[in-house]
Amino acid sequence: FAVEMTGDELLQFCKSYSNNPQYMLQQLLGQVYDVIIANRLYVGVWGNSNFTDISQWLKVTVSNAQPGSLIDSTTDVSCGNVVVGYDLQVLTGVAFSANNLQNKVLYANLCLRTATWQFPSDLPTDVTHRFYMTSNVTFISREQEVREETRKPAPPLLAPLPEDIFYPFTTSGAHQATA
């Protein structure tokens, strides 16, 4: 997502929203942003979590929710501490079952990302420039060893066969000839 502003608009934005550095992200996400800040964001523990069963959902922790005031600089035409997106980190692990190993979400954290938007010095301040907003989602797999009791036993190399498997084609003793 990109926001286009002139240098003058950038400085005006920085002054007008100095106490609201997440303004652009609020505009981009709308009501989802309110859910994030109110700490009411959940992710499904399983890929097919039932939305009506709260036990199948995990609350996302939010860090850096209040990043501080915007910092403007007229010398280099910049605005610092602008919330330009978020990073969502999801920790996954294996849920053990002898017949069906599955990954599940163990923890999720959302962190607001801040940056300094600096207007290029080679452009006049009345020309527009794009300032980008980005967000990332990272899945981190927790390394786990499979417990011995969850492993299936190895199949036998040769299956034992019953004694009478070839009945009635079995013989007992040597063949007797009649004269």
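Note that this is a predicted model, so its numbers are computed, not measured. (Residues numbered from 1 in each chain as written. Predicted model: local features only at pLDDT ≥ 70, side-chain atom pairs only at ≥ 80, totals over all residues. Heavy atoms only, no water.)

Q: Looking at this model, I keep getting lost on the overall build of the chain. Mind explaining?
A: Within the chain, the regular secondary structure consists of three helices and nine strands. Its helices and strands taken in sequence order, the chain reads β-α-α-α-β-β-β-β-β-β-β-β from the N to the C terminus. Classification of the 179 residues of the chain by burial places 28% in the buried group. Long-range pairs, those at least 24 residues apart, make up 67% of the contacts in the chain between residues at least 6 apart in sequence. Carbon and sulfur atoms provide 53% of the accessible area of the chain, an area that totals close to 12,500 Å². (Helix = DSSP H or I, 4+ residues; strand = E, 2+ residues; numbered from the N terminus. Buried < 20%, exposed > 50% of the residue type's maximum accessible area, 1.4 Å probe, protein only. Contact = heavy atoms within 4.5 Å. Areas by Shrake-Rupley, 256 points an atom, 1.4 Å probe, with all protein chains shown as cover.)

Q: Just checking my understanding: could you explain the state of the cysteines for this structure?
A: Working definition of a disulfide: a covalent bond connecting the sulfur atoms of two cysteines. According to the stated counting rule, one finds one disulfide in the structure shown. Note on cysteine connectivity: Cys14 is disulfide-linked to Cys79, with sulfurs 2.2 Å apart. In this structure the cystine formed by Cys14 and Cys79 twists about its S-S bond by roughly 85°; its chirality is therefore right-handed. Taken as a pair, Cys14 in helix H1 (residues 7-16) and Cys79 in strand S6 (residues 78-95) lie far apart in primary sequence, 65 residues in all. Pair check on accessibility: Cys14 and Cys79 agree, each one buried. (Disulfide = S-S within 2.5 Å.)

Q: What exactly am I supposed to notice about H1 here?
A: Given 3.6 residues per helical turn, the α-helix brings residues three or four places apart onto the same face. Those residues of H1 that fall on the buried side of the exposure criterion are Gly7, Leu10, Leu11, Phe13 and Cys14. Considered in projection along H1, the buried side chains sweep an arc of 155° and stay on one side of the axis. (Arc of directions from axis to C-beta.)

Q: For this particular structure, what's the right way to read the pattern of salt bridges?
A: Two side chains that carry opposite charge are able to pair once their charged atoms sit near each other. A complete count under the given rule lists two salt bridges for this structure. Between Glu4 and Arg130 there is a salt bridge, and its shortest N-O distance comes to 2.8 Å. One end of the pair, Glu4, is in strand S1 (residues 2-5); the other, Arg130, is in strand S8 (residues 129-132), and 126 residues separate them in sequence. A salt bridge links Asp87 to Arg113; the nearest nitrogen and oxygen atoms lie 2.5 Å apart. (Salt bridge = Lys/Arg side-chain N within 4 Å of Asp/Glu carboxyl O.)

Q: Teacher, can you tell me more about the packing of aromatic side chains here?
A: Remark: the centre distance and the inter-plane angle together describe each pair of aromatic rings, the angle taken between the planes. Under the defined criterion, the tally for this structure stands at five aromatic pairs. Seen from their ring centres, Tyr17 and Tyr23 are 3.9 Å apart, and the 15° between their planes marks the pair as stacked. An aromatic cluster of three or more residues is present, and its members are Phe13, Tyr17, Tyr23, Trp117 and Phe131. (Phe/Tyr/Trp six-rings, centres within 6.5 Å; stacked < 30°, edge-to-face > 60°.)

Q: Could you clarify how one ought to interpret the environment of Gln102 in this entry?
A: Topologically, Gln102 is positioned in strand S7 (residues 102-118). The spatial distance from the C-alpha of Gln102 to the C-alpha of Thr92 is 9.9 Å, given a sequence separation of ten residues. Not counting residues within four places of it along the chain, the set of residues in contact with Gln102 comprises Trp46, Gly93, Val94 and Ala95.

Q: Where do I start with the pairing of S1 in this structure?
A: As a general feature of sheets, a regular strand has side chains that alternate between the two faces. By the alternation rule, side chains of S1 split into Val3 and Met5, which are all buried, and Ala2 and Glu4, of which none is buried. Sheet topology note: the S1/S8 ladder contains four bridges and is antiparallel. The residue of S8 that forms the bridge with Val3 is Phe131. (Pairing = 2+ DSSP bridges.)

Q: Honestly, a nonpolar patch on the surface in this entry has me stumped. Any pointers?
A: On the surface, a cluster of nonpolar side chains totalling about 340 Å² of accessible area is made up of Leu161, Ile165 and Phe166. The topology assignment puts Phe166 in the segment after strand S9 (136-141). (Patch = residues over 30% accessible without salt bridge, like charges linked within 9 Å, V, L, I, M, F, W, Y side chains within 5 Å.)

Q: Would you mind showing me how to read the nonpolar core here?
A: What tends to happen in soluble globular proteins is that the nonpolar side chains get buried as a cluster. Counting 30 residues, the largest nonpolar core has Met5, Leu10, Phe13, Leu110 and Trp117 as its most contacted members. Among the elements of the structure, S1, H1, helix H2 (23-29), helix H3 (31-37), S6 and S7 are those that each provide at least two residues to this core. At seven residues, S6 tops the list of elements feeding residues into this core. (Core = buried A, V, L, I, M, F, W, Y, C linked by side-chain atoms within 4.5 Å.)

Q: What's the story with unusual backbone geometry in this structure? I'm lost.
A: Peptide bonds are, in most cases, trans, and in most cases residues other than glycine have a negative phi. Unusually for a residue other than glycine, Asn39 sits at a positive phi of about 60°. Tracing the backbone shows Asn39 in the loop between H3 and strand S2 (42-44). Among the residues examined, Asn39 registers a relative accessible area of 33% and is labelled partly exposed. One non-glycine residue, Val77, adopts positive backbone phi at about 45°. Counting through the fold element by element, Val77 comes out in the loop between strand S5 (71-73) and S6.

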